[in-house]
Every structure is written in C-alpha cells, then in structure tokens.
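Examining the three-dimensional arrangement
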Amino acid sequence: MSLYAIGDLHLHFQSELKAPGQLRDPVWRNHETLFRQNCEKMIRPDDTLVLVGDHSWGRNLAECEQDLAYIAALPGRKILLRGNHDMFWDAKKTEALNLRYAGKLFFLQNNYAAYRDWAIVGTKGYTFEGPFYLRGRRIVDWDHEEEAHAEKLVEREAERLKVSFEAAKADGYSRFIMFLHYPPTSILEKNSAFTAMAEKYGAEQVIYAHCHGEHRFHDSLEGRHHGIQYTLVSGDSLRWMPMKILE
Ligand SMILES: [Fe+2]
Ligand SMILES: [Fe+2]
C-alpha cells in the first residue's frame, strides 16, 4: 500500500485548451497517455493517488466529465484537491461532488481522507504571485494592492485548511500529510500562514503543485524546513511520473 501524488494534469478531452503553449512544449505532448501508462505500471489497486489540483481546462462540470472519467479510470483510490483552474468545482459544492462521484473520486476540501495512520488534509491555498518589479533579476518592489488582496485569500484558505485538520483531529488522527495546490509561500517568503499551520498541527509533509514550467520549479520551499518535508509535485516537473509520498 503506497501513497502517490501529482498535480496540474490540465486535461482537455472536451474543452478548448486555454494555454496553447501546452501543445507546443514537448513535455506536454500526449502527456495524458504517458501519465496513464506510468500510473498503470506503478500504482496498485490498494494504493492512493492524490491529484493536487488543476485537473481540467473545462469551464463547468459538463465540460470536465471526460477529464474526470479519465482520472476515475486510473488505478488506485483517487483523491482530488481544488486548483485555481478547476472551474467545475464551486467551493460550496464539494459535498455534492462527493455524492456524485462516490466510490470513484474523493474531493478534498473542508474534510479529510484516512490513509493508514495518517490523515490526508488539504485545501487549494493561495499565494501572492506579483506583479513584481525587477531591477535586473532582483525584485526591488511589488504591487502592494495585489499583495493586500492576496492576504485576504490566504486567510480564507487557511480557515478551510484548519477545518480539514480539525475534522481529522476530532476523529483521533495525530499524524498528517498536508496538501496545497498553490505553493505554501510566495517567492518573497520563507514562512506563511500555511507553514505556520503545518507546524502547529505537526504535519510530516507538505505537498504542493501549481508551479509548472521550469522557471517556476524553485519558487517555494523544497526539502526540510522547520522539520517538515516540502515537495513540489507539478506533473511536468515530475515528467508525469507520480511521486511516492509514503510506503
Ligand atoms: Fe496548473
Ligand atoms: Fe494552478
């Protein structure tokens, strides 16, 4: 039994692709076939695969059905996190999605999933992504209005993450693996509301995605920070090979 994770599949079986660069980049060419083949080789029926957000380019559930059916047909138990591009997943409709896809997919938000002794907790997260003003390659300033707006979104997402941790704690869990779609910190930070929460609840690992394209792979924490392991699992950074998180 193993736990795997990967994010940013950005499937588009039905919907128009909003990022044409995705088709031009050789890393993304037929990525859905390569990813399925990798899963079929690696993942057994009793394994769990966490899809760390940005599943589909579809603008609503009808436009995502084939993308979600593709995910449901992958081996193992599938847990989905909400990404910034997942327009089909209204924040208030997580329960309705869990009812609709019961036994096929589990949508993680304001809830948790059990994995052996661990609780899998998570939320979309948020982080300030600029605009940054540069002198040469050095950041000398940034848009402070955008930063203030981002802080509000960070607060809301931190509250959702707390609900997830507390639900698991109430059921007796004390070991946590924490998932975010957005990186836990902005490129200006080493600590954030999310790293503070990971530390407060004693999460063993923080897994995140969203940073794709090679120039973004090192935007946030990697490796150990204050005793917690931080790992980026965006699909292109892993060349579509799910990362093993726990045996
Ligand atoms: Fe993405
Ligand atoms: Fe994203």
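Details of the structure are given in the entry above.
Keep in mind that what you see is a predicted model, and the values were worked out from it rather than measured.

When its secondary structure is counted, the chain shows six helices and 13 strands. Against the compact-globule benchmark of 18 Å for 247 residues, the chain has a radius of gyration of 17 Å, which places it among compact chains. Summarising its shape, the C-alpha atoms of the chain cover approximately 50 × 50 × 30 Å along the three principal directions. Residues classed as buried in the chain amount to 41% of the 247 residues present.

With that out of the way, let us pick up the nonpolar core. Side chains of nonpolar character tend, in soluble globular proteins, to be buried together. Grouped together as the largest cluster of nonpolar side chains are 59 residues, with contacts concentrated most on Val52, Ile120 and Phe176. Setting aside anything within four residues of it in sequence, one finds Ile120 in contact with Val50, Ile79, Leu108, Tyr112, Ala113, Tyr115, Ile177 and Phe179.

The next subject is the packing of helix 5 (residues 144–170) against helix 6 (residues 193–201). Between helix 5 and helix 6, the least distance of the axes is 10 Å, while the angle of their chain directions is 20°. Between helix 5 and helix 6, the angle is such that the two are roughly parallel. In the packing of helix 5 onto helix 6, the handedness of the crossing is right-handed. Residue-level contacts link Val154, Glu155, Ala158, Leu161, Lys162 and Phe165 of helix 5 to Ala193, Phe194, Met197 and Tyr201 of helix 6. Residue composition of the contact of helix 5 with helix 6, by class: eight nonpolar, no polar and two charged.

This brings us to the sheet that holds strand 9 (residues 175–180). Strand order in the open sheet formed by six strands is 5-6-9-10-12-11, and the pairing between neighbours is mixed. Among the strands making up the open sheet, the edge pair consists of strand 5 (113–115) and strand 11 (223–225). Across the sheet, the axes of successive neighbouring strands diverge by a mean angle of 30°, strand direction being ignored. Both strand 11 and strand 12 (residues 228–232) contribute to a ladder of three bridges, which runs antiparallel.

The side chains of a regular strand alternate between the sheet's two faces. Pairing geometry for strand 7 (residues 132–135) and strand 8 (residues 138–142), over four bridges, is antiparallel. Residue Leu134 lies in a different strand from strand 8, and its bridge partner there is Ile139. Between the end of strand 7 and the start of strand 8, which pair antiparallel, lie two residues, with Gly136 showing a positive phi angle near 65°.

Inspection of helix 6 places Ala193, Phe194, Thr195, Met197, Ala198 and Tyr201 among the buried residues, and these make up the whole buried set. As for helix 6, its buried residues are in contact with helix 5, strand 9, strand 10 (205–208), strand 11 and strand 12. Trailing helix 6 by a residue or two, Gly202 shows a phi angle of about 75°, which is positive.

A separate point is the pairing of strand 12. For strand 10 and strand 12, the ladder comprises four bridges, and the chain directions are parallel. When the bridges of strand 12 are listed, Ile207 appears paired with Thr231. Where strand 11 folds back onto strand 12 in an antiparallel hairpin, the turn is made up of two residues, including His226, whose phi is positive at roughly 50°.

A separate point is the environment of Asp46. Mapped onto the fold, Asp46 is located in the loop between helix 2 (31–42) and strand 2 (48–51). In this structure the C-alpha to C-alpha distance between Asp46 and Thr33, which are 13 residues apart in sequence, comes to 22 Å.

Relative to the helices and strands, Asp67 is located in helix 3 (residues 61–72). According to the C-beta neighbour criterion, Asp67 is buried, with 22 such atoms within 10 Å. In sequence terms Asp67 and Glu32 are 35 residues apart; their C-alpha atoms lie 9.9 Å from each other.

As a further point, take unusual backbone geometry. That bond from Gly130 to Pro131 is cis: its omega, 10°, falls within 30 degrees of zero. Examined against the element boundaries, Pro131 turns out to sit in the loop between strand 6 (118–123) and strand 7. Of note, His10 is a non-glycine position whose phi angle comes to about 45°, a positive value. Position of His10 among the secondary structure elements: in the loop between strand 1 (3–6) and helix 1 (21–24). The backbone phi angle of Arg239 is positive, close to 50°, even though this residue is not glycine.

The next point concerns the sheet that holds strand 4 (residues 106–108). Sheet architecture is open: five strands sit in the order 4-3-2-1-13, paired in mixed fashion. Edge strands, defined here as strands with exactly one partner in the open sheet, are strand 4 and strand 13 (243–246). Neighbour-to-neighbour, the strand axes of this sheet turn through a mean angle of 30°, independent of strand direction. Two strands pair when backbone bridges link them, and strand 1 and strand 13 are joined in this way by three bridges, in the antiparallel orientation. Across the sheet, residue Leu3 finds its bridge partner in strand 13, namely Leu246.

Calculation criteria
- Residues numbered from 1 in each chain as written.
- Chains lettered and ligands numbered in written order.
- Predicted model: local features only at pLDDT ≥ 70, side-chain atom pairs only at ≥ 80, totals over all residues.
- Helix = DSSP H or I, 4+ residues; strand = E, 2+ residues; numbered from the N terminus.
- Rg over C-alpha atoms; globule rule 2.2 N^0.38 Å.
- Buried ≥ 20, exposed ≤ 12 C-beta atoms within 10 Å, placed from the backbone.
- Core = buried A, V, L, I, M, F, W, Y, C linked by C-beta atoms within 7 Å.
- Contact = placed C-beta atoms within 7 Å.
- Axes fitted to C-alpha atoms, helices over the stretch in contact; angles between N-to-C directions.
- Parallel < 35°, antiparallel > 145°, perpendicular 65-115°, else oblique.
- Left-handed = near helix turned anticlockwise from the far one by under 90°.
- Nonpolar A, V, L, I, M, F, W, Y, C, P; charged D, E, K, R; others polar.
- Pairing = 2+ DSSP bridges.

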